[in-house]
Amino acid sequence: MSRTTVDVEPGNQPPPEDDTAFFGQPKGLLTLSGLEVWERFSFLGMQAILVLYFADSVANEGMGMSAGTAASVSAAYGTLVYLVSVAGGWLADRMLGSYRAVLWGGILIACGHYSMAVPTATMTWVGLGLISAGTGLLKPNVATMVGKLYATDDDRRDAGFALYYMAINIGAFAGPLITGWLGDHKGWHWGFSAAAIGMTFGLVQYVMGRRHLAGRKHSAEFALAPDAMRGAVKLIIAGTVAVAVLAGLLAAVGWLTMDRFVDLLTLISVIAPVVYFVVMFRSPRVTAGERGRLRPYIVLFLASTVFNFILFQAYSTMMLLASTNAETTILGFDFPASWYASALGAFEVGLAPFVAALWVRMGHGQPHASNKIAIGVVLGGLSFLLMVLPTSGHSGDDYLMSAWWIVGSYFLLGLGDILLETSGMSATTKLAPVAFSSQTMSLWFLSLALANGIQAQTVKLYDNVSHPAYFGVNGAIAVAAGLAVMAAAPWLRRTMHPVH
């Protein structure tokens, strides 16, 4: 039997025949991958046009921001999304259970996209808030549910996560195609409407396929006592109301500006993972062995931060560069600049099966997880260094580079993403202390919050420095970080057992 034994109640495990029903993988992987197809369709479809919507003029139903400000605000939104994932992991572990946390997260995401379909600035901010809350509930817990389909030493585990990542990138490929075309031809809010419909489809198939999921019970695995549960609910409600009122007052008196809000999110993104690591290291529920495996996890966390700092700019600075300085014609076919984002998803869809098959073929002889992650970081850095070539040697900013430069950069980035994210998420589910299972996956997503938080500050320089300098310096830092992880590989192999 391949699944973990965290949940053993009758009716809480999928049927035995499900174990190899999906290309040799558990059938529950199909249900969870189907959900992520539509979640990524909606999230990345919206993300592909969000920075362009922010930077477009008010006359064109945009927000009228400068390029640097648009990229910074877009990154701050990403920071908020992944910061909320900490609360999502805690709510799943202590109150809702993984299945209900994912369900309610999807409902909030859908409501957020429907809100953004309303053509007013106010509804845009309301929608982004709802999507942030919903994604924080859904993302860490759906990945944890994938991990529950496998035993820790199951050799299919990395391949399963690779297939999962391939499936969700079908959504990453299709989303920008639909939302980008609608945004370019019909209006930005039509694109947001398509994202809303996509998330609705995802919720329907998730509910219909719930019998194939492991750990689908309604109660939380480490539920609070009834009195503590009631107290926590009251505290959450009171805290949410208090924060909303305080933010409204500070905004009304002019203190809480957009720039200060972005800076605040960056500060929180730095402090939160530090606090979280300290809490887990000091928790009496974490054994000495689990504590030892958390130490190498810090290295993986930092590697993820560096890589995703590059990756997320595929939807901000790279999208802005594509819209102003790249051709939007390939083989005589014209397309919206936002379609470049689909290239990233297309490469990940195409490459993931080959990566998954390679890991299965190599079995225990495959590279250690830390080396896969290190190579991914190096590839991310190279994707930015590649952009130094077409952006150099121009006297002004009115040049147009061939579309193949952007496509080539996204190829490197897509391959790096497959190597890092699948290995990183798989390693996270293996290294997680039992009492912090969903929350440790939240910690992985905090690396994404930190990457976005750093990006929110760095992209402010995009308007103020040359393109070769911007992409060259950021790319070189990423390559150096990947090489450092490679140098630490011997220590990581010794300390990351049972990860191989």
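This text goes with the structure placed above it.
This one's a predicted model, so the numbers in the text were calculated from it and none came from an experiment.

So, the packing of aromatic side chains
Reasoning step 1: Here the structure, examined in full by the defined rule, presents 15 aromatic pairs.
Reasoning step 2: Between F347 and F411, the aromatic rings sit 5.2 Å apart at their centres with planes inclined by 85 degrees, giving edge-to-face as the arrangement. One end of the pair, F347, is in helix 11 (residues 340-362); the other, F411, is in helix 14 (residues 403-431), and 64 residues separate them in sequence.
Reasoning step 3: In this structure F411 comes out as partly exposed when scored by relative accessible area, which is 33%.
Reasoning step 4: These aromatic residues form a ring-pair network of at least three members: Y53, F54, W125 and F192.

Details of helix 10 (residues 317-325)
Reasoning step 1: Of all 9 residues that make up helix 10, 7 are buried, and the element is covered over most of its length.
Reasoning step 2: Among all positions of helix 10, only T317, M318, M319, L320, L321, A322 and N325 are buried.

Focus: the side chain of T135
Reasoning step 1: Note on placement: T135 falls in helix 4 (residues 121-147).
Reasoning step 2: Not counting chain neighbours up to four residues away, the residues in contact with T135 comprise E39, F43, V81, I109 and P140.

Points about the pattern of salt bridges
Charged atoms that come close allow side chains of opposite charge to pair.
Reasoning step 1: One pass over the structure, following the stated rule, counts 3 salt bridges.
Reasoning step 2: Taking the shortest distance from any N to any O, the salt bridge between E36 and K139 comes out at 3.1 Å. Of this pair, E36 sits in helix 1 (residues 28-55) while K139 is found in helix 4, placing the two residues 103 residues apart along the sequence. Just as E36 is buried, K139 falls in that class too.
Reasoning step 3: A salt bridge links K460 to D263, with the shortest nitrogen-to-oxygen separation between them at 3.2 Å. Within this pair, whereas K460 is found in the loop between helix 15 (437-458) and helix 16 (467-487), its partner D263 is found in helix 8 (residues 258-282), the two being separated by 197 residues in sequence.
Reasoning step 4: Judged by relative accessible area, D263 falls into the partly exposed class, the value being 35%.

Calculation notes
Residues numbered from 1 in each chain as written. Predicted model: local features only at pLDDT ≥ 70, side-chain atom pairs only at ≥ 80, totals over all residues. Heavy atoms only, no water. Phe/Tyr/Trp six-rings, centres within 6.5 Å; stacked < 30°, edge-to-face > 60°. Helix = DSSP H or I, 4+ residues; strand = E, 2+ residues; numbered from the N terminus. Buried < 20%, exposed > 50% of the residue type's maximum accessible area, 1.4 Å probe, protein only. Contact = heavy atoms within 4.5 Å. Salt bridge = Lys/Arg side-chain N within 4 Å of Asp/Glu carboxyl O.

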